[in-house]
Each structure stands twice: as structure tokens, then as C-alpha cells.
There are 4 protein chains.
Amino acid sequence: MLRFLTAGESHGPQLTVILEGMPSGIKIDRESINQWLADRQKGYGRGGRMAIERDQVSILSGIRGGYTLGSPITMVIENKDWTNWRELMTAEDTAVLSKRKVTRPRPGHVDLAGAIKYRHQDMRNVLERASARETAARVAVGALVWQFLNLLNIEVLAHVISLGPVKCPSQEMDWEVVQEQIRRSSVCCADDEASAAMVKAIDRAREAGETLGGVFEIMVRGLPPGLGSYVHWDRRLDGLLAQALMSIQGIKGVEIGLGFRAGFLSGSQVHDPIYYGAQEGFYRPTNGAGGLEGGVTNGEILVLRAAMKPIPTLMKPLASVDVITKEPVEATKERSDVCAVPAATVVGKAVIAPVLANALLEKFGHDNIDEIKKAWQDYWDYVRDF
Amino acid sequence: MLRFLTAGESHGPQLTVILEGMPSGIKIDRESINQWLADRQKGYGRGGRMAIERDQVSILSGIRGGYTLGSPITMVIENKDWTNWRELMTAEDTAVLSKRKVTRPRPGHVDLAGAIKYRHQDMRNVLERASARETAARVAVGALVWQFLNLLNIEVLAHVISLGPVKCPSQEMDWEVVQEQIRRSSVCCADDEASAAMVKAIDRAREAGETLGGVFEIMVRGLPPGLGSYVHWDRRLDGLLAQALMSIQGIKGVEIGLGFRAGFLSGSQVHDPIYYGAQEGFYRPTNGAGGLEGGVTNGEILVLRAAMKPIPTLMKPLASVDVITKEPVEATKERSDVCAVPAATVVGKAVIAPVLANALLEKFGHDNIDEIKKAWQDYWDYVRDF
Amino acid sequence: MLRFLTAGESHGPQLTVILEGMPSGIKIDRESINQWLADRQKGYGRGGRMAIERDQVSILSGIRGGYTLGSPITMVIENKDWTNWRELMTAEDTAVLSKRKVTRPRPGHVDLAGAIKYRHQDMRNVLERASARETAARVAVGALVWQFLNLLNIEVLAHVISLGPVKCPSQEMDWEVVQEQIRRSSVCCADDEASAAMVKAIDRAREAGETLGGVFEIMVRGLPPGLGSYVHWDRRLDGLLAQALMSIQGIKGVEIGLGFRAGFLSGSQVHDPIYYGAQEGFYRPTNGAGGLEGGVTNGEILVLRAAMKPIPTLMKPLASVDVITKEPVEATKERSDVCAVPAATVVGKAVIAPVLANALLEKFGHDNIDEIKKAWQDYWDYVRDF
Amino acid sequence: MLRFLTAGESHGPQLTVILEGMPSGIKIDRESINQWLADRQKGYGRGGRMAIERDQVSILSGIRGGYTLGSPITMVIENKDWTNWRELMTAEDTAVLSKRKVTRPRPGHVDLAGAIKYRHQDMRNVLERASARETAARVAVGALVWQFLNLLNIEVLAHVISLGPVKCPSQEMDWEVVQEQIRRSSVCCADDEASAAMVKAIDRAREAGETLGGVFEIMVRGLPPGLGSYVHWDRRLDGLLAQALMSIQGIKGVEIGLGFRAGFLSGSQVHDPIYYGAQEGFYRPTNGAGGLEGGVTNGEILVLRAAMKPIPTLMKPLASVDVITKEPVEATKERSDVCAVPAATVVGKAVIAPVLANALLEKFGHDNIDEIKKAWQDYWDYVRDF
């Protein structure tokens, strides 16, 4: 089973992740991870800090000569701006901290609830870890794990289907269309007109001191039927994928296949008939289930959607209260992105990777890529003959 | 930490659950659990089997003289119809099984993917466990755990906000209104007119050989700020709650607070300003966050919603394929509810109980209710003074 | 991954276990489980209750027509004496309990520490669950899991190597000798003379109102090299096996291979040289490591030993204190075995089964026995060619 | 719950550990961790590499201004000798690796079994991670967690009770005696004569090209009764502590209290009578149980012992086989300590820290040290009044 722990404060010296359980013998391309990290920093609507960061991953264990060893993998993303933050963020005892406390909690962030929970008076002690900066570590994990999944011809795509008030007109798009179209969109949207409207919406929001959220969709193809399990609730892939997505900063809704729309339709409109062809084996003409029935992959494309709320830190700050004086104040301003939905597509693709990989490792064994490839091939042969 | 395993096939002798980790000294009322089980079986739109079952729980360990001991709790729900199924479902070796195989997978169920995964030729070996009958076991767990949470004045409500094409007009309703109104609704809807329309929609669906899904909302009040944690993604309450809800049979979407609507609004419309009053302490005039910021409770009412797809077993069955002959067939008919959304509200309330209880046990310790009550009271005093 | 929860008080209605994660398609013989349960109750030195019990297992889920389904398996062992205990042990609220409290903690048991932890005034609330009766549930699990391991030609043996002051003269015995000799020993000892002396020691202890412990050894053969892992401490098989054995009631010491003796020898006396033969592949002339190097199986016989303390409940009770009056008293007498070491060999064999099975499932995948057998065979072929 | 992952190859750039779950507000002294790391490198019998290393910890997250934040803590121990190893151990693809393969497995190490498991041809890919170098990371964790435990007046000591053939004459020594005596022993032995004999034994072994193991004892005082639990086998502290100790490289035996000796004695010689005094509360005149009854602390000193085998890498190497040519060879020599038992006492103290801390967090809650101190004090008051 893959396990990983991420660590690091937003303005600390580095983000660190240890990923345990990767099979041996997998070729890892560090530049591919860097590309994922770069993708996370792109997207129209990001603010100034993204330029500073230019994240790069260092690999400090678990990989030798370009291949996984089977031992835990350490990845580090250094904070390029650390020298400017060292005094404020040092692990050592220092007098400076008491003078620069954050005492104005930002609505929509965990500043206040976190300070209460952990008994912090300086809410920097909360916000530094709660920051979405942490997703860079999860993206590094996902980018690495996708190199494993790609070896088995499992592929992933994600695109923005709405951004603020602008909806992508088509709700169901083909893989190839999406893949092609999002390349020329600065907001990762597969519809040119909607893409242009989204950019405008971001500009308007910026002018208004506002922020915007949106909805994105993830598609995965190449999964065989039979990953995940219905035998116990906490082994269902639907629940595990929902947890992974909902635990991304700012996500407030998750759906699979038809999702909420399924609630408004009749049974015959929702469920996907089963057909069989000598060439295709079992197949479905529709994919309302989004590739999951009973928490198990059914061989169709996995379709997930997540809704992201607008970034809570506004240029026209919301009403807050100073936690020391209890006086009404404006919330602290900590960063200045207008919209992070395009970036969230990258995070979304990343966080589902360990979930899918675990389902694979459970079914095909854990230790070595050649062993896994053999079991994988045997299983596909069996599936085609079923 | 609470752990539990559920077991039991739908037509097997019984459902069994073992719940490990409950503190000692909690008074448990078995009749209250039976009431939850009865509620799960009610709701306009259920079919004939619900009448047969009339679930009752037996408690076979972990409780003595009416109080939890701290040791694992065994609960059993017997299958009242077991004598009719014994021959087909016995654990013993028997010749009868090969003659009565289920070979027609039902679209929308895991019949086919499960048979492939576990190499079953008789899909009864899949459907018996994948059945939503299993939720009775999870309801027993939830009903018991809510007796613990209720001791701390934590309360839960759930109601149907849409059923098939019929939507409850008001999307945000007060606790007391919902609590009062759902009592007189046979579909657990807090709006009289919508309730009547939902009943009609069910009647129409039944006549058409169809089924219906819907959306329900759960509200929890009495939670202090500071449950759950932002420090690591898998400790966030939003993700854990999403997993619990999404892993209910038939659920295809989950949202928190404004949920998907948050994606379409601007930051200032979504986030909840922070106010302070000498009496109230910190409070919010709105609750777009649904009680969770950064995966942590913020002291407001927890608001969760889930979308249920229509029941996949239709009276006018969908197209399928016989897995042995590979001929096109109609899908097997296994049960006959038209709509289970009202029942799903009960399951929804149940499955979040262990998640919330674990967040509480983590913060307040595990062993004994008096110890927990003391820590709970101390914490509330601290929160009020923060 | 196999998971299981056991439940049940010693004099409650039943012991229950749910075992989750067993692959499908494994033929399960209930009588074999009953035989393990009978073996656990045998052994010279057991007291009267063993006669009452005659444990029998019922299988109430997860197995159909004699084969595992992949779904959770429920096993129940009823308490044959329940009618005599119902009034005292009922889950329902009852007045009788306050009149028959156990207030005299027994040294060597967890009575006092458990009462303090869980705030019980009646120590029956502790001792009923802490009782070694619980091991019957773990034996049922082990007996079932061994049916899986046996399919892969993995075999287990255990024998008593010392009982009270009597030591088995030979410390290293061959598999076949042990297997043959223990059949005619009433104390599961593979040396006839030692066996007779052990019986006498038990008789003397009984006369003296005393109890005896001892040391037993478990051997497992048929494990390939490469189970377990050195890459992270909590995946090492040595640690996991030690946990399983040390968590048996009454066990105070665990060792692997030479164990404590290894501490007194020089390196060249302890480590097992590596040889290679065209027929045998890699092999070792000695087995000081007990089959585990770096927490990983090395292909040799796994050799584990555990030390059991004498049963704490003596006929000449130890000094104690009444927890209510604080007056000095004699400890409560609750049962009357003189020696349970032969029984502990059965428990020992049982508790390591899930640990070994998990190492196998991790390496060879989880879902179906045919799939696992194929991967197992492929791996052995690879090992022989390495 | 505390969780941690360690990572790092022995000659890689660094060891890394992420520790998740530490409460906030705990003052952390980095120098104290460095002292533990230094202690791990000391002890008569260590070879040349220990001098090179001089381990120092860097703290890169989770601590700010000297106090824990509640967020994950990253600790790094750099390899001072990395420049000499960079070419051989780089994560990047490189041609050099194929020329310097390790193909001679060392008996007593996991070289061969690990290579088979993970399909490595170069056994450096195994030995780098399996190396006891990894214990430096676990010592860093333990050293940090002991700072938390010390705040609650929980203290730990460890000493060598036998080293090779030399046994410390007294098997049960007082805390103060041990604490005082081990300061002047270069082998961490609390008996002057034995200490001198141990040093000589190490010298003799070195001359003979041999290595030595031994047995050490850990004592912990200040634990209240009621940590750990008897209610489920995997929550028993005895099992969890045994796992932690047995998973240290080279450990082949673990015992608690009388341990294996308990197997040879009668019940009345083993179990600890319970007394009560107005001042002392409940107490025991003896401590055969080693502070654990039924897997739960009973308020007496916790006493654990572990046996370490001699270091497997000998200067007069054991017989091995080249895995490529299959020719008989001498095993690779990789390092040159003669005895690491004194160092193992440090590792032993470290690895039990997270186990004990988790038992505490479970009972007293998780979030903040002041909260925990309050619950701790309340519990001690309750215990004294019990």
C-alpha cells in the first residue's frame, strides 16, 4: 500500500514528502514532476507569488540511477523566497515572533478555528500549514505515481467546465477533443468561447477586488474492471476518490459520472446498458456511472468532478475581528490570486493517483514493476475472455 | 479511534457488526437503535421486502446492564426471511447452487465488475454483499454512536431537498422548521407542497416501471470549533465526511455548505464574515462554508448534501448480456423499491456519526464518558473565553 | 489486507469475529476450524470449564456453498453455558449487577489497571473481556486463514519446549520428529521423557495450589524468500510477528531463531552461510536467523518462540485489596487451569496466520485464489532461477 | 495519533523523517536531539564510520520559534560523506552503476532475500536501505517525542545487561543505581566489573575478526496505570512495544518484566501482590510483570529487554555465493563495528517513545500540550483517589 506524509509551512524552508510503498524498477523522470509543478503554478488568474516560486523537486531517497528501489522516496520542493522569511519562520527560539503576530482571521480560511483548536495566538501558526501551497507536495506525489500508472497505459486528463458564472456549454466531451483543446486555453477549458469568457470574468473579478471559483472534471482511461471493492464500505473507490478530492483546499463538492444530475432523472436515463461484442467484450453505450458501479471500476472512463469555492483572501477584505482586542477589523490579506481553478485541475489529477495506484497494488501485488506488468497483462487477458 | 467492520449477505442469516473503541459508561438504549432501523425501512416508495424485514438489533457484547464497557460491541440484525433462503445461501457445500446461478448482470449495479474481479460465475455471490441491505448494519452503528454524541448535545437532522424532478423550493431552511415539518412528510421533505409532489412523482415512476433518485441534506448542530484538522490532508473532516457519504450505495455526489453553487459565485458572496459579541463569542451571519473551513469545524451548523441516483433495478429492465452465453438479455430483477431517498437520509445521518465521534475522541480522549464530558466542558469554557 | 475484529465477553452469549479481506474461491472446511478450537481446549493442565465449552464455530457470512466469496466472514462461537450467566451478563439494564460486583483485583491480571482506565467499579466489566477466552476467536481466524496458507503448501507446527521447571533436552528438533512425537504427548512436547516430567510438574503444581507457565516454539515451512520488507520498520515481519505473539494473554517474551542465545555468541556462530546448489538453489546449512533476515523471509523454516507466564489465578490466591473498602483481601478466584502452555501453542499458530497471509497478499495480490496461485507459482519459478 | 515515515539510504544525501500528529505548544530543544544522535554513535566497539558521521538534525517544518505547531515535523540528518558517494548513489540515470554492483550477499543481512523480493541485481539497492543507519532517523523521532513525555515527568533509562559472553551479575537493579553507574561505562553497563569485562570481550572479538551481540534493558517510570488496552489484541501495549523493539535491526528477542524467566517459575513467584497505602495508593512490592498486566500499564516501572545478535558483517567473512556467477565467494564487507549493543540502547529508548506517546494521546487528547497537561493532572488526581 502506498502511504505518504507531506510536511512544510507555506513560507518555511521547504515542502517535504515521503512516499512509502512504491514498487521497485519504475523509471522516474524528475523533469516530468517539475512539469506538473509548473502546471500547478500556471493558469490565468494566479497572482505574483507564483512567479517567485518556480517549483523544482529534489529527490533525496528511494530512487537510484533513475529507478525506484522499493524504499521510501523523499521529495523536496525548496522555497525560493526562504531568505526573506527565515527570521519570521525559523524553528529556533526567537524574540521577533511576538512582534509580528497575525491576529485577524480571514473568513473562509481555517485561521480562527485552527487557532482555537491548537491554542495559537499568532494565526500565522495556522495559515502557514493550511495554505494551498501544501498542494505542491501532493502534486509531486501524484506526478511521480502517474509515471507508474502511465507504464500500464492508464491516462488522465482534466479540464475546467465552469469558472465563476461562465459555464462550458457542452457537459460531455470526448477525450481527444478535451486533450486537444485545453492546450490552447489559459484557463484549461476545452471550449474556446467559454475559455475567452472565463478570462474576461477573471479580469472583471480582479478589478472588483473579487475572486472566483469553478468546477473541473477529471477523466481517467485505461482502468480495467474490478479495481476497488464493494465488500466493505471503506474499500469502495468512490468514497476514497471523494475523500482525496474533497480534501483539496477550497473544494466544496465532488461528484462521479452524472453526479447530482442523476438525482433528477429516472432510472432508465441514468444506468448504462450492458452490451457485448466479440471484439470489444462487454461494453456500455453510455457512461452515466462515470466508470464506477458499486465503488468498483467497470472498465469505462472514470469521470470525476469537483467544485472549488472562490479564494477566500480578497483584495476588498471581509469583516473580521481581532482575536486579541475583539475589535471589528478587516481580514488579513495574505496572497492575491483571483482564481485557482485551472491550477486545481492539476492538483485533482495528482491526488487521485495514490488512490488508483493502491487499488492496482492491491490487485496485482506490490513489489516490482515487472511482476506487476505480468499480472496486469494476465488480468487483461482474463477480462477479455470473461 | 472507533473502528468497525460490517458483514453479512443480503439474504444470509444475519447482518453483523463489530464496533471497537467506544468509551465506557455510555448508556445505550436498544430501542433507539431499532427506531433508526425502522426509519431506514420507511419512506414512501419502498417495495415489499421492507415489510418482511422489520429489523431488530441484538447486542451480543460490549454492553452490560445497559452501559458500554469499553470493549467491542457486537450487533446483529437477523434476516427474518432466512428459512426461505437457507438452501440457496448456506455456507455449507451444496449441489443446489450450480442450478440457480444469476448470470444476467444489472446495469447500475456492480454485478458484472464484481464477478470479473472475484472470478464469480454466479453473480449472486456479488449482489448479496453489494446490496444496500448492508446499510442496515451501518445504521445500527450510527444509531449507537449518536447516543454518545447526543450526550454531548450534538444533534442531527436530515431531509430530502429534491426527489426526481421535484425540488424543495427553499434551499436554506431553519433547523426548527425542518425538524417540525419532516414529521408529517412520508418522503422526509420539509416542504408540504414539495412533499405531495414527490409522492406523486413516485407514483408516476412506479406506474412507468421506473425508479427515482434525489438529493438530501444533513445538518449537525452542537459541534465546537476545532474538530478535524488542516495539518494533513487525510485528517480533514471534509474529506472524511465525503468518503463516508459517497460510500453509501447509490450516492454519486456530495457537497458541503454552498457546495457546487460556491463555484458560480464571487468570493464576497461565499465566505462568512466573522463577528464577535460579548454573549455569543465569535459568530457568523451566514454559513456558506457549511460549518467547515480548512477541513475543521468552525462552530456553525454542519451542512452536508448528497445526491442519490435512481435505484438500478427497474421493473422495465435495462439491456444486459448473459455472462455465460453472451446473448443479449434483460437484466435480472432482484428487488422493487421505486425510491429510497427518504431511507438514504437515515443512512446518511448514520454514516457520519463515526467520523464525528472520531474527531471528538481524538480531541477529548477515549476511555470513559465522564472523562470525556469533563474535557468537553473545559473546552467549551475555553472556547467561550478565546 | 486482512483485517479482523474480535468481540465477546468470556461469559457473554458468544464470541464473534469478522474477518475482512479474504480472497474469493478458497474452500473452507468448518470442521477443521472446530478441530483447532478443540485443540485449544485440550492439553494436560486445563480445568473444568474446558469441558463445558466444547467450542463450535458457526459461519454466518462471507462463505457460500463451501467457498469464500471475498466478502467479510462472520464466525461465532456460542457460550454453551450462557443460560447460567444471562442474568449477570445481559446487555439490558438490570438491578442485579450492583449486588454481585467483583471488587478484588487479581494480581497478574488487568483487573485493577483496567478498572482504573475505564472507571469501572465492578471488575467483572474488565475481566470478562481481558480473559484468555478471547483467544478462541483468534484461533477461529487463524484456523480459517491456515486453510488458505495450506493451499499454497505452507505448513505450521508448534510444540512445548519447556513447561515450568522441565525443559525439553534438545533445543533444535527436526520438523518430522516434532510432528510425529507431539501426537502422543498430552502436553504437546516432542520429547517423551520431558513430556512425562511435565505432566508430573503439573500434578505437583495442582496439589500445591500453584500454576505453571512455559515456552513453546512455532515452525513454519513453505514460505518463499521475500515476504515482509526491510524498507520501513513497520513492514518488517519480525516486528509484526512479535506483536502478534506478545499480544496473546500471558505471553511475556518472544524470540526468533536463536533469539536471546544470539546475544551470547560470536558473529560466526550466529549467521547462516549462503550456499548454492544446482538442485536446491540458494540454501543455508544452519538456521540461526530462524528464517528471517532484515525482517524478510529468507526461504528457511520460520522459527518463533514465546514464553508464557503461569496463569495468574491461583487456588492459593495472592494478596490483594478490595477496591471499595481498601482492606487487604485474597484475590478473586475466577478459573482453575493449572497450565495453559499446550493450549497456547494452538493460539500461537493461529495468531501468526493473518500476519503471514498479509505478507502474501501484499506480494501476490488479493482477490481470488486462482489468481494468487498463479502469481505464487510464477514467483517460485523466478526464485528457483534467480 | 502519531505517525511517522523515515526515508533515506545509508550513503544517500540524507535521512529524512516526517512526524505527524504532535500536539502544539511543546518546546523542542534541537540540541537534545543531537545529543541522542551522538549517543547512538558512541559506545565502545563502533568502527570508523561513526567518526565521519557526527550526526546533526535540521528541523525543516512543524516547529516555529522553538515550539511545535501541531503540523508535521520534518527532520533531516545529512550524510557528511555524501560527496564521496554522490556518483554511486545519485537518483539520476547514470552509467557508473552497472560497473560497481554488489553481487555477494552477506549472511545475516537481508541482501539476498531483498534482492529476490525487489528483483535487484545490485544488492547495494537493498543494503543501503536495510542498513542500521536508518535507526538514526528513528532516534531523532524518539528524541523529539521524549521531550514531550518528559514534560509529563515520564523518564527513560537503558543499560546493557549482557554483551557477548559477559553478563551483568545483578539482573534487577534500581533506577538510581543504573542511572548513576552507566555514566562511567563505555558500554552502557551499570556494573563496573562487567563493564570492564565487556570492553575486553570486544577487544578480543575485534582481534579475532569477530562481532558480538548482547542484551539490554529499558526502564520507564512515571507512567500512570491505564495506558494501552486489553479490549482488542492490537491495542495491547505489550504487543506494540514488542513490535517496535523487534523491528530494530539485529534484534532477535524481546521480553517484558520477568520475560522468559516467567516460564520457569510458579504462579506465586511471578505475580505481583496488590497492596494499598493511604499515601501510596495501590502499589506492588515486586514487579515481575514489568509494569504491564493484560497489555495495560499498572503504574509500576515498565521493564523491557531486547537481545541483539552480533553484527553480521565480519572481518573474517562468512561463506556466500555470487548471485551472478553462482560461484562460492566470501561475503562483501561493508562496515566494521565490532559491537553495537550500547548504541542499541539508545535506539531502544527511541522506538518506544511513539508507542507510549500514542497511548497517552489516546487517553488524554491530542491537540495542545496545555490541554494534555490538564487532562494528565486530572487523571492522576483521580487515580490517587481511586
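What counts, and at which threshold
Residues numbered from 1 in each chain as written. Chains lettered and ligands numbered in written order. Predicted model: local features only at pLDDT ≥ 70, side-chain atom pairs only at ≥ 80, totals over all residues. Heavy atoms only, no water. Helix = DSSP H or I, 4+ residues; strand = E, 2+ residues; numbered from the N terminus. Rg over C-alpha atoms; globule rule 2.2 N^0.38 Å. Buried < 20%, exposed > 50% of the residue type's maximum accessible area, 1.4 Å probe, protein only. Lys, Arg positive; Asp, Glu negative; His and termini not counted. Charge placed at Lys NZ, Arg CZ, Asp CG, Glu CD. Contact = heavy atoms within 4.5 Å. Buried area = accessible area lost by both parts, 1.4 Å probe. Salt bridge = Lys/Arg side-chain N within 4 Å of Asp/Glu carboxyl O. Polar contact = N/O pair within 3.5 Å; in protein donor to acceptor, adjacent residues only side chain to side chain. Pairing = 2+ DSSP bridges. Axes fitted to C-alpha atoms, helices over the stretch in contact; angles between N-to-C directions. Parallel < 35°, antiparallel > 145°, perpendicular 65-115°, else oblique. Nonpolar A, V, L, I, M, F, W, Y, C, P; charged D, E, K, R; others polar. Least-squares fit on C-alpha atoms with pLDDT ≥ 70 in both. Phe/Tyr/Trp six-rings, centres within 6.5 Å; stacked < 30°, edge-to-face > 60°. Expected span 1.5 Å × (residues − 1). Left-handed = near helix turned anticlockwise from the far one by under 90°. 1 Å grid on protein atoms, 1.4 Å probe; cavity = no way out; pocket = protein on both sides within 12 Å on 5 of 7 lines; lining within 4 Å. Points joined across faces, edges and corners; volume = space filled by probe spheres on them. Arc of directions from axis to C-beta. pLDDT = per-residue confidence, 0-100.

Engineer: I'm lost on the overall build of chain A in this one. Help?
Structural biologist: Counting secondary structure elements, chain A contains 12 helices and 17 strands. In terms of overall size, chain A behaves like a compact globule, its C-alpha atoms giving a radius of gyration of 22 Å where 386 residues would be expected to give roughly 21 Å. Along the three orthogonal principal directions, the C-alpha set of chain A runs to about 75 × 50 × 40 Å. A total of 386 residues make up chain A; the buried ones form 70% of that total. Chain A carries 45 positive and 47 negative side-chain charges, and their two centres are separated by 5 Å.

Engineer: What is the right way to read the interface of chain D and chain C from this model?
Structural biologist: With 107 residues of chain D in contact, the opposing surface of chain C contributes 107 residues. Carbon and sulfur atoms make up 66% of the surface buried where chain D meets chain C, a total of about 8,600 Å² over both sides. Looking at the side of chain D facing chain C, the largest losses of area belong to D:Tyr230, D:Trp233 and D:Lys252, adding up to 10% of the total buried there. At the junction of chain D with chain C, the criterion picks out 0 salt bridges. Run the count over chain D and chain C and you get 41 residue pairs in polar contact (both at pLDDT 80 or more). Direction of pairing for strand E10 (residues 251–256) of chain C relative to strand E10 (residues 251–256) of chain D: antiparallel, over a ladder of 3 bridges. For C:Glu255, the partnering residue across the bridge sits in E10(D) and is D:Gly253.

Engineer: Would you take a moment to explain the sheet that holds strand E1 (residues 3–7) of chain C for this structure?
Structural biologist: Backbone-to-backbone hydrogen bonds join strands into a sheet, with any given pair of strands oriented parallel or antiparallel. Residues and elements named next belong to chain C. The 4 strands are arranged E1-E2-E6-E3 in an open sheet whose pairing can be described as antiparallel. The sheet is open, and its two edges are formed by E1 and strand E3 (57–61), each paired on a single side. The mean inter-strand angle of the sheet, taken between neighbouring strand axes irrespective of direction, is 20°. By the bridge criterion, 6 bridges tie strand E2 (residues 14–20) to strand E6 (residues 73–78) in an arrangement that is antiparallel. Counted as the bridge partner of isoleucine 18 is threonine 74 from E6.

Engineer: For this particular structure, what's the right way to read the packing of helix H11 (residues 341–364) of chain A against helix H12 (residues 369–385) of chain A?
Structural biologist: The angle between the axes and the distance between the axes are what describe a pair of packed helices. All names here are of chain A. H12 packs onto H11 with a crossing angle of 85° between their chain directions and a minimal axis gap of 10 Å. The orientation of H11 with respect to H12, classified from their angle, is roughly perpendicular. The segment H11 lies against H12, with Leu360, Leu361, Lys363 and Phe364 engaging Ile372, Ala375, Trp376 and Tyr379. Residues that form the contact of H11 with H12 fall into these classes: 7 nonpolar, no polar and 1 charged.

Engineer: Please explain the side chain of B:His271 as it appears in this structure.
Structural biologist: You can see B:His271 is positioned in the loop between helix H10 (267–270) and strand E11 (275–277). Judged by relative accessible area, which is 5%, B:His271 ranks as buried. Among the polar contacts listed, one links the side chain of B:His271 to the backbone oxygen of A:Pro310, at a separation of 2.8 Å.

Engineer: Hey, could you run me through the relation of the copies chain D and chain C in this one?
Structural biologist: What relates the pair of chain copies is a rotation about an axis plus a shift along that axis. Take chain D, turn it by 180°, move it 0.0 Å along the axis, and it overlays chain C with an RMSD of 0.0 Å. When the rotation and shift are considered jointly, the pair of chain copies conforms to a two-fold rotation axis. In terms of proximity to the rotation axis, the leading residue of chain D is D:Gln243, whose C-alpha is 2.4 Å off the axis. By residue overlap, the copies meet face to face through one surface: 100% of the interface positions of chain D are interface positions in chain C.

Engineer: Before we go on, may I ask you to explain the interface of chain B and chain A in this structure?
Structural biologist: Many analyses report the size of an interface as the accessible area lost when the parts associate. Taken together, the 107 residues of chain B in the interface contact 106 residues of chain A. Buried surface at the junction of chain B and chain A, both sides included, amounts to about 8,600 Å², of which 66% is carbon and sulfur. Applying the counting criterion to the chain B and chain A interface returns 0 salt bridges. Tallied by class, the residues present in the side of chain B that touches chain A amount to 56 nonpolar, 30 polar and 21 charged.

Engineer: Sorry, what's going on with the packing of aromatic side chains here?
Structural biologist: To describe a pair of aromatic rings, you give the distance between the ring centres and the angle between the ring planes. Residues and elements named next belong to chain C. Per the stated rule, a full pass over the model turns up 42 aromatic pairs over all chains. Judged by centre distance (5.9 Å) and plane angle (80°), the rings of tryptophan 376 and tryptophan 380 are edge-to-face. Here tryptophan 376 pairs with tryptophan 380, and both are found in helix H12 (residues 369–385), just 4 residues apart, close to one helical turn. On the basis of relative accessible area, tryptophan 380 is assigned to the buried category, the value being 18%.

Engineer: Honestly, the sheet that holds strand E2 (residues 14–20) of chain D in this entry has me stumped. Any pointers?
Structural biologist: All names here are of chain D. As summarised here, the arrangement of the 4 strands in space is E1-E2-E6-E3, forming an open sheet in which the pairing is antiparallel. Since the sheet does not close on itself, it has two edges, and those belong to strand E1 (3–7) and strand E3 (57–61), each with one partner. Direction aside, neighbouring strands of the sheet carry axes that sit 20° apart on average. Each of E3 and strand E6 (73–78) touches helix H1 (residues 30–41); the most contacted strand, E3, lies at about 135° to it.

Engineer: Where do I start with helix H6 (residues 135–151) of chain B in this structure?
Structural biologist: Residue and element names in this part refer to chain B. The end-to-end C-alpha distance of H6 is 24 Å, a good match for the 24 Å that 17 residues give at a rise of 1.5 Å each. In terms of burial, H6 is largely enclosed, as 15 of its 17 residues are buried. Note on H6: the residue one or two positions beyond its end, asparagine 153, has a positive phi of about 65°.

Engineer: Sorry, what's going on with the relation of the copies chain B and chain A here?
Structural biologist: Superposition of chain B onto chain A requires a rotation of 180° combined with a translation of 0.0 Å along the rotation axis, giving an RMSD of 0.0 Å. In this assembly the copies share their binding face: 99% of the residues contributing to the interface of chain B also contribute to that of chain A.

Engineer: Explain the pattern of salt bridges to me, please; I cannot follow it from the model alone.
Structural biologist: Opposite charge on two side chains makes pairing possible when the charged atoms of those side chains draw close. The final tally for this structure, using the stated rule, is 120 salt bridges over all chains. Put simply, A:Asp111 and A:Arg106 hold a salt bridge, and the shortest N to O gap is 2.7 Å. Here B:Lys316 makes a salt bridge to B:Glu210, at a shortest N to O gap of 3.3 Å. On the criterion of sequence distance, the pair formed by B:Lys316 in the loop between strand E15 (302–308) and strand E16 (319–321) and B:Glu210 in the loop between helix H8 (192–207) and strand E9 (214–221) is long-range, its members being 106 residues apart. For B:Glu210, a relative accessible area of 8% corresponds to the buried category.

Engineer: Can you walk me through the pairing of E10(D) in this structure?
Structural biologist: Side-chain positions along a regular strand alternate between the two faces of the sheet. Residue and element names in this part refer to chain D. Within E10, 6 of the 6 residues are buried, which leaves it mostly tucked inside the rest of the structure. Here E10 pairs with strand E15 (residues 302–308) via 5 bridges, running antiparallel. Along E15, the bridge assignment pairs valine 254 with alanine 306.

Engineer: Just checking my understanding: could you explain the packing of helix H9 (residues 237–246) of chain C against helix H11 (residues 341–364) of chain C for this structure?
Structural biologist: All names here are of chain C. Running from N to C, H9 and H11 cross one another at 150°; their axes reach a closest spacing of 9 Å. In terms of orientation, H9 lies roughly antiparallel with respect to H11. For the element pair H9 and H11, the recorded crossing hand is right-handed. Residue-level contacts link Leu237, Leu240, Leu241, Ala244 and Leu245 of H9 to Gly348, Val351, Ile352, Val355, Leu356 and Ala359 of H11.

Engineer: What is the right way to read empty space enclosed by the protein from this model?
Structural biologist: To find leftover empty space, one rolls a probe the size of a water molecule over the atoms. Using the criterion set out here, one finds 16 cavities of 30 Å³ or more in the structure. Its volume calculated, the second largest cavity comes out at about 60 Å³. The wall of the second largest cavity is formed by A:Trp233, B:Phe4, B:Arg138, B:Val141, B:Gly142, B:Ala244, B:Ser247, B:Ala350, B:Val351, B:Pro354 and B:Val355. Per-element tally for the lining of the second largest cavity: the top contributor is helix H11 (residues 341–364) of chain B, with 4 residues. Broken down by class, the residue content of the lining of the second largest cavity amounts to 8 nonpolar, 2 polar and 1 charged.

Engineer: Sorry, what's going on with helix H8 (residues 192–207) of chain C here?
Structural biologist: Each α-helix winds once per 3.6 residues, and so residues spaced three or four apart point in a common direction. Residue and element names in this part refer to chain C. When the terminal C-alpha atoms of H8 are compared, their 23 Å separation across 16 residues agrees well with the 22 Å that a helix rising 1.5 Å per residue should span. Restricting attention to buried positions, one finds in H8 the residues Ala194, Ser195, Met198, Val199, Ala201, Ile202 and Ala205. In an axial view of H8, the angular spread of the buried residues amounts to 160°, which keeps them on one side of the axis. Turned more than 90 degrees from where H8 packs its buried face, Glu193, Lys200 and Glu207 sit exposed. Its buried side turned inward, H8 meets strand E7 (155–163) and strand E8 (166–167).

Engineer: Which parts of the structure should I look at to understand the confidence of the model for chain A?
Structural biologist: The predicted coordinates should not be examined in detail at positions where pLDDT is low. A residue-level look at chain A finds 98% of positions with pLDDT of 70 or above and a mean pLDDT of 94. Two summary scores accompany this predicted model of the complex, namely pTM at 0.97 and ipTM at 0.97.

Engineer: Is there a simple way to explain the environment of A:Pro317 in this structure?
Structural biologist: Residue and element names in this part refer to chain A. Within the fold, proline 317 resides in the loop between strand E15 (302–308) and strand E16 (319–321). Sequence-wise, proline 317 and threonine 332 are 15 residues apart; in three dimensions their C-alpha atoms are separated by 7.5 Å. Residue contacts for proline 317: discarding those within four places in its chain leaves Glu330, Ala331 and Lys333.

Engineer: I keep staring at the pairing of E15(B) and nothing clicks. Help me out?
Structural biologist: Residues and elements named next belong to chain B. Most of E15 is tucked away, with 7 of its 7 residues classed as buried. Residues Leu302, Leu304, Ala306 and Met308 of E15 are buried on one face, and the alternating residues Val303, Arg305 and Ala307, pointing to the opposite face, are buried as well. Relative to E15, E9 runs antiparallel, the two being bridged by 7 bridges. When the sheet's bridge partners are listed, glycine 214 is paired in E15 with methionine 308.

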